[in-house]
Amino acid sequence: ALARELGAGTWHNQDSPYDGDPCNIMVIEMKVKSYYNALRGLCTVLFLFGLMLLSNFLIVSMVDKELVKPVIEMIETVRTIAQDPMAKMPQSSFLTANHETRTVGRALFKLSNLLQIAFGEAGSHVIKVNLRDGREMSAMVPGQRLNLIFGFCDIRSFTDCTESLEGDIMVFVNTIADYVHKSVIENRGLPNKNIGDAFQLAWAIPQKKLEAAKTVGQMAKKLATSTYIGDCALRSFLRIMIETATCPKLLRLTCSPDLQRKIPGYVTRFGFGLHSGWAIQGAIGSKYKIDPSWLSPHVKWSERLESATKYYGLPLLMTDAFREHLSPRVQQLCRRVDRIKVPDTPYPIDLYTYDIKEWRIDDLELQSSAVTVTGVNFRYGRGPSFF
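Computed from a predicted structure; not experimentally measured.

(A) Structural context of the environment of L259. By the secondary structure assignment, L259 is in helix α9 (residues 257-262). Exposure remark for L259: the relative accessible area of 0% places this residue in the buried category. Once the C-alpha coordinates of L259 and S164 are considered, the two residues, 95 residues apart in sequence, prove to be 5.5 Å apart.

(B) Region of the structure containing the nonpolar core. Within the largest apolar cluster, 42 residues are counted, with the highest numbers of intra-cluster contacts made by F172, W203, L234, L274 and M318. Among the elements that take part in this core, helix α7 (residues 216-245) stands out by supplying eight residues, more than any other. Residues W301, A308, L314 and V342 belong to the second largest nonpolar core, which totals eight residues.

(C) Layout of a nonpolar patch on the surface. Judged by side-chain polarity, I59, M62, V63, L67, V68, V71, I72 and I75 come together as a nonpolar surface patch covering roughly 660 Å² of accessible area. Here V68 lies in helix α2 (residues 22-83). On the accessibility criterion, V68 (33% relative accessible area) is partly exposed.

(D) Structural context of the pairing of strand β4 (residues 270-285). Burial analysis of β4 places twelve of its 16 residues in the buried class, the great majority of the element. In the sheet, strand β1 (residues 144-155) pairs with β4 via twelve bridges, with the strands oriented antiparallel. Bridge pairing in β4 places G151 opposite L274. In the sheet, β4 pairs with strand β6 (residues 316-319) via three bridges, with the strands oriented parallel. Across the sheet, the residue bridging to L274 is M318, located in β6. Counting the residues that bridge the hairpin from β4 to strand β5 (residues 290-295) gives four residues.

(E) Region of interest: the pattern of salt bridges. Applying the stated rule across the entire model yields nine salt bridges. Where K262 meets E163, a salt bridge forms, and the shortest distance between an N and an O atom there is 3.0 Å. In this pair, K262 sits in helix α9 while E163 sits in helix α5 (residues 158-165), placing the two residues 99 residues apart along the sequence. The salt bridge involving D355 is made with R335; its shortest N-O contact spans 2.9 Å. Placement of D355 in the loop between β8 (349-354) and β9 (371-373) and of R335 in strand β7 (residues 334-340) is noted, with a sequence separation of 20 residues between them. D355 sits in the partly exposed class, given a relative accessible area of 45%. Residue classification places R335 among the partly exposed residues on the basis of a relative accessible area of 37%.

(F) Looking closely at the packing of α5 against helix α6 (residues 169-186). In the contact formed by α5 and α6, the axes pass within 8 Å of each other and the chain directions differ by 135 degrees. Viewed along their axes, α5 and α6 adopt a mutual orientation that is oblique. Contact with α5, carried on its side by F158, C161, T162 and L165, involves I169, F172 and V173 of α6 and no other residues of that element. Taken together, the residues of the contact of α5 with α6 sort by class into six nonpolar, one polar and no charged.

(G) Spotlight on the packing of aromatic side chains. For the coordinates displayed, the defined rule picks out five aromatic pairs. Measuring from centroid to centroid gives 6.4 Å for F150 and W294, while their planes differ by 70 degrees, and the two rings are edge-to-face. Here F150, found in strand β1, pairs with W294, found in strand β5; they are 144 residues apart in sequence, far enough to count as distant. Accessibility assignment for this pair places F150 and W294 in one class, buried. For the ring pair W203 and F237, a centre distance of 5.8 Å and an interplane angle of 80 degrees mean the geometry is edge-to-face. With W203 in strand β3 (residues 198-204) and F237 in helix α7, the pair connects residues that are 34 residues apart, well separated along the chain. Members of the aromatic cluster, joined through ring pairs, are W203, F237, F270 and F272. Sitting above the plane of the W278 ring, R145 keeps its charged end 4.4 Å from the centroid. Its end group placed over the ring of W301, R304 keeps NZ or CZ at 5.1 Å from the ring centre.

Reading the values: the criteria
- By convention here, each chain's residues receive numbers from 1 onward along its written sequence.
- Thresholds applied to this predicted model are a pLDDT of at least 70 for local features of residues and 80 or more for the giving and counting of side-chain atom pairs; totals over whole chains, interfaces and linings are not thresholded and use all residues.
- By convention in this description, side-chain values take in all heavy atoms of the structure and omit both hydrogens and water.
- Helix and strand definitions here come from DSSP, where helices need a minimum of 4 consecutive H or I residues and strands a minimum of 2 consecutive E residues; each element is numbered from the N-terminal end.
- Relative accessibility under 20% of the residue-type maximum defines a buried residue, over 50% an exposed one, and the middle range a partly exposed one, all with a 1.4 Å probe and only protein chains included.
- Among the buried residues, those of types Ala, Val, Leu, Ile, Met, Phe, Trp, Tyr and Cys that are joined through side-chain atoms within 4.5 Å form a nonpolar core.
- For patch building, the residue pool is restricted to those with more than 30% relative accessible area and no salt bridge; the joining distance is 9 Å between like charges and 5 Å between nonpolar side chains (Val, Leu, Ile, Met, Phe, Trp, Tyr).
- Accessibility throughout is a Shrake-Rupley quantity obtained with a 1.4 Å probe, and a residue counts as covered only by protein chains that appear here.
- Each reported salt bridge corresponds to a side-chain nitrogen of Lys or Arg within 4 Å of a carboxyl oxygen of Asp or Glu.
- Pairing between strands is defined by DSSP: at least two bridges between the two strands are required.
- Whenever a helix is involved, its axis is fitted only over the stretch in contact; in every case the axis is a line through C-alpha atoms, and angles between N-to-C directions fall within 0 to 180 degrees.
- Every angle not falling under 35 degrees, over 145, or within 65 to 115 is termed oblique; those three ranges are roughly parallel, roughly antiparallel and roughly perpendicular.
- The contact definition used throughout considers only heavy atoms, calling two residues in contact when any of these lie within 4.5 Å.
- For this classification, the nonpolar set comprises Ala, Val, Leu, Ile, Met, Phe, Trp, Tyr, Cys and Pro, the charged set comprises Asp, Glu, Lys and Arg, and every other residue, Gly included, is treated as polar.
- In this analysis, rings of Phe, Tyr and Trp, with Trp reduced to its six-membered ring, are considered paired at centre separations within 6.5 Å, and the interplanar angle assigns stacked below 30 degrees, edge-to-face beyond 60, and tilted for intermediate values.
- Comment: the charge-over-ring label is applied if NZ (Lys) or CZ (Arg) is within 6 Å of the ring centre and within 35 degrees of the ring normal.

In structure tokens form, the structure reads like this:
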């Protein structure tokens, strides 16, 4: 009766394939069902295991892409800045991250750029030491002795410009600063200080190692490289004079009626001084304020030369120490102005200039239709070629 109820077979039908002991038949049926149940359970376990592996892989990949890699790139960026504070940080590495990580990466990118702009080359050693040691920011870091070319650039008649332009004086100064810094950087220079109406600039002199050269050609190449930096400094100042004198924005500002009444025909003019010597590069200040700078008696010489241009009636003066770093061809173009003896130097100093005509509004030809601004005609900037 139990076998018949379970459908496992019949007890009296001899022709039935299930005829036999109902207990044995039931055991066989239960084994088959257990086998299929076990196989189904195994498949379920394998499926869940694969699903867990896939989900774990996807989660790890997402965390690695969105968090781990950007953080590692930020750490590498900080290490790179610690090794070379003036190295440019690539921003593209954070573009594929999520919004939060991308925001942090962009902030780090901007902070590094601001740090480089604020400290400049003169403060790079302080950045390197403080990032490497991981301590509180401190200016108590020994300086470095370097051989440099020092340049000083001063805007002429700045007091009259300030009184006449008033609020526009900031536009005037920042436009000039853009021309000055761009010209200096593109000529291998290092902008250092902005002193209102003046700019302190420098060029690093490559170390001469001619004794290590194996051939005469290598010696000549190294000598040319060491002297070319002087040509870069001189070219930078000549470029500043020409580009600022023909800049439409500066011409509009200097055509102010009040300024033209005080200084008729005024355009942006400068005084330049160039000198070469050693200096100690570092940062001066405390934990409250740090200013990168160069300390040396040679640094003030470029400023003295700029002041002397007013006495000699020249836009540019250079010392014989700087002239030594010019190429022979450019040295021949420099004219000696005077030989002076000052108390703080044991030997006389020769002063040179590079003759170039100062630009005036009347010198500008009209490229398009004349534009009259407060009664003065000027041409939309066309800068002549130079060097």
